[in-house]
Amino acid sequence: NELANLMDVPVTQVISTCMSLGMFVSINQRLDAETLTIVADEFGYQVEFIKPEDEQVAELEEPDKEENLVPRAPIVTVMGHVDHGKTSLLDYIRKANVTKGEAGGITQHIGAYLVTLDDGRKITFLDTPGHEAFTAMRARGAKVTDIVIIVIAADDAVMPQTIEAINHAQAAGSPIVFAFTKIDKPGANSDRIREQLANMNILVEEWGGKYQTQEISAKTGENVELLLEKVLLEAELLDLKADPKKRGVGSVIESALDKGRGIVTTVLVQGGTLRVGDPILAGPYSGKVKALINERGERVKEAGPSVPVQILGMSGAPTAGDKLYVMESESEARQVANKRLQLQREQGMRATKHITLDEIGRRL
Ligand code: GTP
Ligand code: MG
């Protein structure tokens, strides 16, 4: 009936078309995607499928106002092969840039953190555990990273996961800066790496290509500043801006149940400003921001664009990559969340229906 209305044809025609395809359907029957496509085609229509999530994005996210746009910090992900030195690099950067005010504060792992350089410039680092998280987020349509640093140990070689990381970054359209690390080690040879990259059609700048590279040591800290300069240069080209005045919107980095605190959700704010007291929605869960906590474990009142923050107050743990929206009201947030939850249940039911005993019997 709905399909007939959309195409503006009598419902009986849709039913008889289905019959001609060997399907006996009732007026209220739901058609699967494939059937919909075939039937619509019979009437000269093309079906375009949109995810319910996409449909809502348009409604949920407030558009940026041109006059409110201000520069925002680049969001940078570090990727690379196992043991090539990703964590060491991030640790060094974090330690080297701890300002006096922060000294003594307990740094807690929140999957993302904001680094402020001496001159006040800021970079947000995403500490995603491996490529899986990155891929999962990308598969869910979350474009979180602006720039990717790919770490390659100069005493080793371009490895399978290095190639994977390059492929991910390229598929996401993120600029890459290569860090040839562990140059303090005997046997480090960056030219060997440059050559291996060239063999993959990745030509580095010093060889006339477009990719910036930097030799570094995360152990001694040598050249790490230069690496950050190159990242910031890449960021400048991207001219990253956001509207901090609109309702907050961001992406979930991770979320889990914490014993004393309830659901703790790490979010990277991408637009607008997230504030304590805001009604929020993420995936099939809603809530009200009870507290915001920064990467140093301090309570903050608000978080603007490119700022990672932990939220207390969600009704459940959303999935990494889910979009988080500040909503007009708690009841509106709850309504959308419930609708999504119901949709998930329905889909779950449909999936399980597929494997009834009866089915198995028939297959046997
Ligand atoms: P995974 O998270 O397991 O994929 O590894 P990772 O890429 O985070 O590597 P990690 O930072 O844990 O470093 C692996 C080993 O290399 C550690 O023993 C580090 O101490 C060492 N290492 C990392 N960077 C350097 C460096 O610049 N110089 C030297 N000499 N050793 C380094
Ligand atoms: Mg690591």
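Calculation criteria
- Residues numbered from 1 in each chain as written.
- Chains lettered and ligands numbered in written order.
- Predicted model: local features only at pLDDT ≥ 70, side-chain atom pairs only at ≥ 80, totals over all residues.
- Heavy atoms only, no water.
- Helix = DSSP H or I, 4+ residues; strand = E, 2+ residues; numbered from the N terminus.
- Buried < 20%, exposed > 50% of the residue type's maximum accessible area, 1.4 Å probe, protein only.
- Contact = heavy atoms within 4.5 Å.
- Areas by Shrake-Rupley, 256 points an atom, 1.4 Å probe, with all protein chains shown as cover.
- Phe/Tyr/Trp six-rings, centres within 6.5 Å; stacked < 30°, edge-to-face > 60°.
- Lys NZ or Arg CZ within 6 Å of the ring centre and 35° of its normal.
- Near = heavy atom within 4 Å.
- Polar contact = N/O pair within 3.5 Å; in protein donor to acceptor, adjacent residues only side chain to side chain.
- Core = buried A, V, L, I, M, F, W, Y, C linked by side-chain atoms within 4.5 Å.

Looking at an unreviewed UniProt entry, one finds the chain named Translation initiation factor IF-2, with Sphingobacterium thermophilum as its source organism.

**A word on the overall build of the chain**
Counting its regular elements, the chain contains eleven helices and 17 strands. Taken across its 364 residues, the chain has 44% of its residues classed as buried. Sequence separation of at least 24 residues holds for 70% of the intrachain contacts in the chain that already meet a minimum separation of 6. Surface exposure of the chain reaches about 19,500 Å², of which carbon and sulfur atoms provide 51%.

**A word on the packing of aromatic side chains**
Each pair of aromatic rings is reported with the distance of its centres and the angle of its planes. Tallied over the entire structure, the rule returns two aromatic pairs. Seen from their ring centres, phenylalanine 178 and tyrosine 211 are 5.8 Å apart, and the 65° between their planes marks the pair as edge-to-face. With a gap of 33 residues between them, phenylalanine 178 in strand E6 (residues 176–181) and tyrosine 211 in the loop between helix H8 (190–198) and strand E7 (212–215) connect regions that are remote in the sequence. You'll find phenylalanine 178 and tyrosine 211 in the same group, each marked buried. One cation-aromatic arrangement involves arginine 94 over tyrosine 113; the distance from NZ or CZ to the ring centre is 3.8 Å.

**Points about the site of ligand 1**
Taken together, 15 residues sit near ligand 1, with Lys86, Thr87, Ser88, Asp184 and Ala218 positioned nearest. In this structure, an oxygen atom belonging to ligand 1 sits 3.0 Å away from a main-chain N or O atom of aspartate 83. One nitrogen or oxygen atom from the side chain of aspartate 184 is found 2.7 Å from a nitrogen atom belonging to ligand 1. Considering ligand 1 on its own, with 650 Å² of exposed area, one finds that the protein chains cover 67% of that surface. Among the elements that take part in the shell around ligand 1, helix H5 (residues 86–96) stands out by supplying three residues, more than any other.

**A short note on the nonpolar core**
One finds Leu89, Phe125 and Ile149 to be the most contacted residues of the largest nonpolar core, which totals 24 residues. Counting residues per element, the ones that place at least two in this core are strand E2 (75–80), H5, strand E3 (112–116), strand E4 (122–126), strand E5 (147–153), E6 and helix H9 (224–238). The leading source of residues in this core is H9, at six residues. Not counting the four nearest positions on each side in its chain, leucine 89 is found in contact with Val78, Ile149, Val151, Ile216, Ala218, Val224 and Leu227. Val148, Ala154, Ile166 and Phe178 belong to the second-largest nonpolar core, a separate cluster that totals 17 residues.

**Topic: the environment of leucine 257**
Locating leucine 257 in the fold gives a position in strand E9 (residues 249–258). Put simply, leucine 257 and valine 76 are 181 residues apart on the chain and 27 Å apart in space, counted from C-alpha to C-alpha. In this structure, leucine 257 is in contact with Gly262 and Ile263, ignoring residues within four places of it in sequence.

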